[in-house]
Every structure is written in C-alpha cells, then in structure tokens.
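Residues per chain, in single letters:
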Amino acid sequence: MGPHPAVAAIRLAVRRVLHDVLNEHSRHHESAATAVTAGAPAGPGTGARPAPEPLVLVACSGGADSMALASALAFEARKLSLRAGGITIDHGLQDGSDLRAAEVVSRMTGLGLEPAESVAVHVGREGGPEAAARDARYAALDAAAERHGAAAILLGHTRDDQAETVLLGLARGSGTRSLSGMAAVSGAAGRYRRPFLELDRQTARKACMVQALPVWDDPHNADPAYTRSRLRQEGLPALEKALGKGVVEALARTAQLSRDDADALDAWALRAEASVRDEAGLLECAKLYALPPAVRRRIVRRAVIEAGSPAGSLFARHVEEVDKLITGWRGQRAINLPGRVVARRQGGRLVIRQS
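Since the model is a prediction, treat every value here as computed from it, not as a measurement. (Residues numbered from 1 in each chain as written. Predicted model: local features only at pLDDT ≥ 70, side-chain atom pairs only at ≥ 80, totals over all residues. Heavy atoms only, no water.)

1. Some details on the overall build of the protein chain
Broken down by element type, the protein chain carries 12 helices and 10 strands. The C-alpha extent of the protein chain, read off along each of the three principal axes, is 70 × 70 × 40 Å. For the protein chain, buried positions account for 43% of its 355 residues. Distance between charge centroids for the protein chain: 4 Å, based on 47 positive and 40 negative side chains. (Helix = DSSP H or I, 4+ residues; strand = E, 2+ residues; numbered from the N terminus. Buried < 20%, exposed > 50% of the residue type's maximum accessible area, 1.4 Å probe, protein only. Lys, Arg positive; Asp, Glu negative; His and termini not counted. Charge placed at Lys NZ, Arg CZ, Asp CG, Glu CD.)

Listed below in structure tokens is the structure:
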C-alpha cells in the first residue's frame, strides 16, 4: 500500500525539484571540469571525476508547511545522490523563541537532516515588521548557504501563500511584477526553490498529520496586527464567500500569467535601455518618452535601484513620480526617493544619484 495521497503529493513535488537541482549541479560540475582540463596534457588522473553530492537545505520554521517539506526532503534525499540539511531562523520576536528554534533543530535531526542548525537574527524596523523580518531571514539563509556550500534552499510557500502575495501586490498597486507573486526559482543562481506553489496549505498540514509530525502554529500568523495575517484570516475567506470556491487557484494562475508578461516586458526593457542612454550613460528623456510606458518605467525603476534605492522600499508611486519628469515636464523640482536617491531632469537628461 502506498503513502497517503497528501504525503505522495508533497514527495512528488520535492522529487521534481531535487532532480532539477541534481541536473544543474551535474552540468555545472562538467563545465567546471572541462574548463580545468582544457589544454592540460593527457595523463593519469585527467579523466572526468564524478560530481560531488550537492547539499540541499530546507528552511524550516516548525510550521506545517515547512515540516512537511523537511520530511519530504529527508525521504527523497535518501534515494538520490545528494545530502539534505535544515536551517531554522530565530527572529527573537517572541518569548522562548530560542527554545522553540532548538526544538525545531531536534526535529530536523530526527528526520535525518544534517547539518541541522538554528540561526538567530536581529530584526530591524525598516519597511515595517513583516518586511524587516523577511529581510533578516533571507540574509541569514543566504549566509547559511554560503557557509555550507549549499546548492539550493527549499522554501515551504504554498498556493495559498501565493494567492496572498498576489492580493498584497494588488493592494499596493505595484504593477505586473508584484502581481506575479513568488517565483518557483529565485535568488542568486536560482538558490531558492519553492516546490509547493501548486499545492494548497491543507495538503501540507494533512501530510504532517498522517505522518505524526509535530507542528508549531506561529501566533503571528493569526495576529491582526500583521497585514498578511488579516488577509489570511479575514480577506481571503470573505472573497471566497462572495465569489465562491476557487479564488485561491485563480489568484495563483494570475500570478503565473503575470509572471510571463513581466518577464517579457523586462526582457524588452533590458534590450531597449542601451538605446536611450547618451555617450555619458545618462538616460535621454525624449527617447524614453517614445517607449511604451510599461517598458519605460522598467528602465526608470532599474536605474533608481542601481543608484542605491532599496528594491523593497521602491513602490509604483515612486516610479510614477520620476516618470512625470519625462512625460509631464513643467520644470518641477527633484524627486526624493528611498535610499537617499534623488532624481532630477537636467538638459533633457534624467539624472539619478544618491544625495
């Protein structure tokens, strides 16, 4: 008799991602080996060596989604040529968070994950509590990946999380890229992988239940002080009540369609950017004006970020204000942007730099 359908579903999702990681790791190893041996004299020991087993880490909070992911990674890794470990982040935002993190490490070790460790972070205030915690968490995960030489880090975001992300982007009015939600593969060199984006939250919780995996429910997930929590507890249920079931699935589809459109527009903007800069590298307003707004604003946004504005703090309204220097020039003053970046129009050029 096979595993419970929920367990089978999470294992299949993880297996597909692990095969991708293994294939990419093998190709990278072969390319590196070819570069090293190219031109070297033939002799003993110059043959191709097998690729070392890559390490895949799971980011585990102890919640149902990440515990289901950790269990599936541990199970699938035993059948493949890779090592599996886990990291839990102690944000220090609740009493006893260090003890809870230690308990999660114990659970990961019990699943056979090695290394299994807890990393404590300091959460600042920039961008609000949710954004600050996210920034601290990803910085710690990036550092852990570098420290252990991990090929990938698995994240337990589900289809429900994707739907929430799309709605939050819609509320911010941040454009197509924001509506595209979370990518299945993201980060430097595709470090972050999200196997569960096509699975709902209930499937992960069911998988934990049938495997008798202990789960910790973070009280912050039900705290109305947090925007995502209000959306999860009130917003999505209200939408489903008004529009019927299937809202989450529809929002997840919207994310994928928006991502396809955003990728195409990003590629267009990247190709067009060189043609709208002068010999000194400054953006020429007349040439920018001739581009479609969606392409022009992408070029402007990229230029603002390159000048030092944090991407997470740069919203559509900021880009629109800079865009008015191109499309509605009336001699207006410079635009102050996040990160102490200032944008102004001078001599028909868009000048963007830190003050």
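Resuming the write-up.
2. A closer look at the pairing of strand 1 (residues 55-59)
Burial within strand 1 is extensive, with five of its five residues counted as buried. Bridge analysis of strand 1 against strand 2 (residues 83-90) gives five bridges, and the strand direction is parallel. Counted as the bridge partner of Val58 is Gly86 from strand 2. Once the chain exits strand 1 it traverses helix 2 (residues 64-77) before rejoining the sheet at strand 2, and the crossover so formed is right-handed. Sheet analysis places strand 1 next to strand 4 (residues 152-154), joined by three bridges and oriented parallel. Note that in strand 4 the partner of Val56 across the bridge is Ala152. (Pairing = 2+ DSSP bridges. Right-handed = clockwise from strand over helix to strand, strands pointing away.)

3. A closer look at the sheet that holds strand 10 (residues 349-354)
Strand pairing in a sheet takes place through backbone hydrogen bonds and is either antiparallel or parallel in direction. In space, the four strands of this open sheet follow the order 7-10-9-8, with antiparallel pairing throughout. Both edges of this open sheet fall to strand 7 (283-284) and strand 8 (335-337), since each of them pairs with a single strand only. Bridging between strand 7 and strand 10 involves two bridges; their strand directions are antiparallel. Residue pairing in the sheet places Leu283 in a bridge with Leu350 of strand 10. The strands touched by helix 11 (residues 293-306) within the sheet are strand 7, strand 8, strand 9 (341-346) and strand 10, with strand 10 carrying the most contacts at an inclination of about 30°. (Contact = heavy atoms within 4.5 Å. Axes fitted to C-alpha atoms, helices over the stretch in contact; angles between N-to-C directions.)

4. Some thoughts on helix 2
Taking 1.5 Å per residue as the helical rise, helix 2 with its 14 residues ought to reach 20 Å, and the 20 Å between its terminal C-alpha atoms agrees with that figure. Counting buried residues along helix 2, 13 of its 14 residues qualify, which places the element largely inside the surrounding structure. (Expected span 1.5 Å × (residues − 1).)

5. Structural notes on the sheet that holds strand 4
Read from one edge of the open sheet, six strands run 3-2-1-4-6-5, paired in mixed fashion. Edge strands, defined here as strands with exactly one partner in the open sheet, are strand 3 (116-120) and strand 5 (185-186). Against the sheet, helix 2 contacts strand 1, strand 2 and strand 4, and its axis sits at roughly 160° relative to strand 1. Helix 3 (residues 97-111) contacts strand 2 and strand 3 of the sheet and is inclined by roughly 170° relative to strand 2.

6. Considerations on the side chain of Ser66
Locating Ser66 in the fold gives a position in helix 2. Here Ser66 falls in the buried class, since its relative accessible area comes to 6%. Those residues in contact with Ser66, other than ones at most four positions away along the chain, are Val58, Ala59, Cys60 and Ser61.

7. Quick word on the pairing of strand 3
Sheet topology note: the strand 2/strand 3 ladder contains five bridges and is parallel. In the sheet register, Ile87 faces strand 3, and the bridge partner there is Glu117. In this view, the connection linking strand 2 to its parallel neighbour strand 3 by way of helix 3 has right-handed handedness.

8. A look at the nonpolar core
Of all hydrophobic cores here, the largest spans 38 residues; its most connected members are Leu18, Leu73, Leu113, Leu154 and Phe196. Elements with a contribution of two residues or more to this core: helix 1 (5-37), strand 1, helix 2, helix 3, strand 4 and helix 7 (201-210). Leave out the neighbours within four places in its chain, and Leu154 touches Val14, Val17, Leu18, Val56, Leu57, Val58, Ala59, Leu69, Leu73, Arg193 and Pro195. Core analysis: the next-biggest nonpolar cluster, separate from the first, contains 25 residues, Ala272, Val295, Val304 and Leu314 among them. (Core = buried A, V, L, I, M, F, W, Y, C linked by side-chain atoms within 4.5 Å.)

9. Overview of unusual backbone geometry
Cis geometry is found at the peptide bond from Glu114 to Pro115, where omega equals 5°. Looking at the secondary structure, you find Pro115 in the loop between helix 3 and strand 3. The phi dihedral of Ala212 falls on the positive side, at around 55°, and the residue is not glycine. Inspection of the secondary structure assignment puts Ala212 in the loop between helix 7 and helix 8 (227-243). Judged by relative accessible area, Ala212 falls into the exposed class, the value being 66%. The phi torsion at Arg340 lies on the positive side, around 60°, for a residue other than glycine. Within the secondary structure, Arg340 sits in the loop between strand 8 and strand 9. With relative accessibility at 57%, the residue Arg340 sits in the exposed group.

Nothing here speaks to function; it is geometry throughout.
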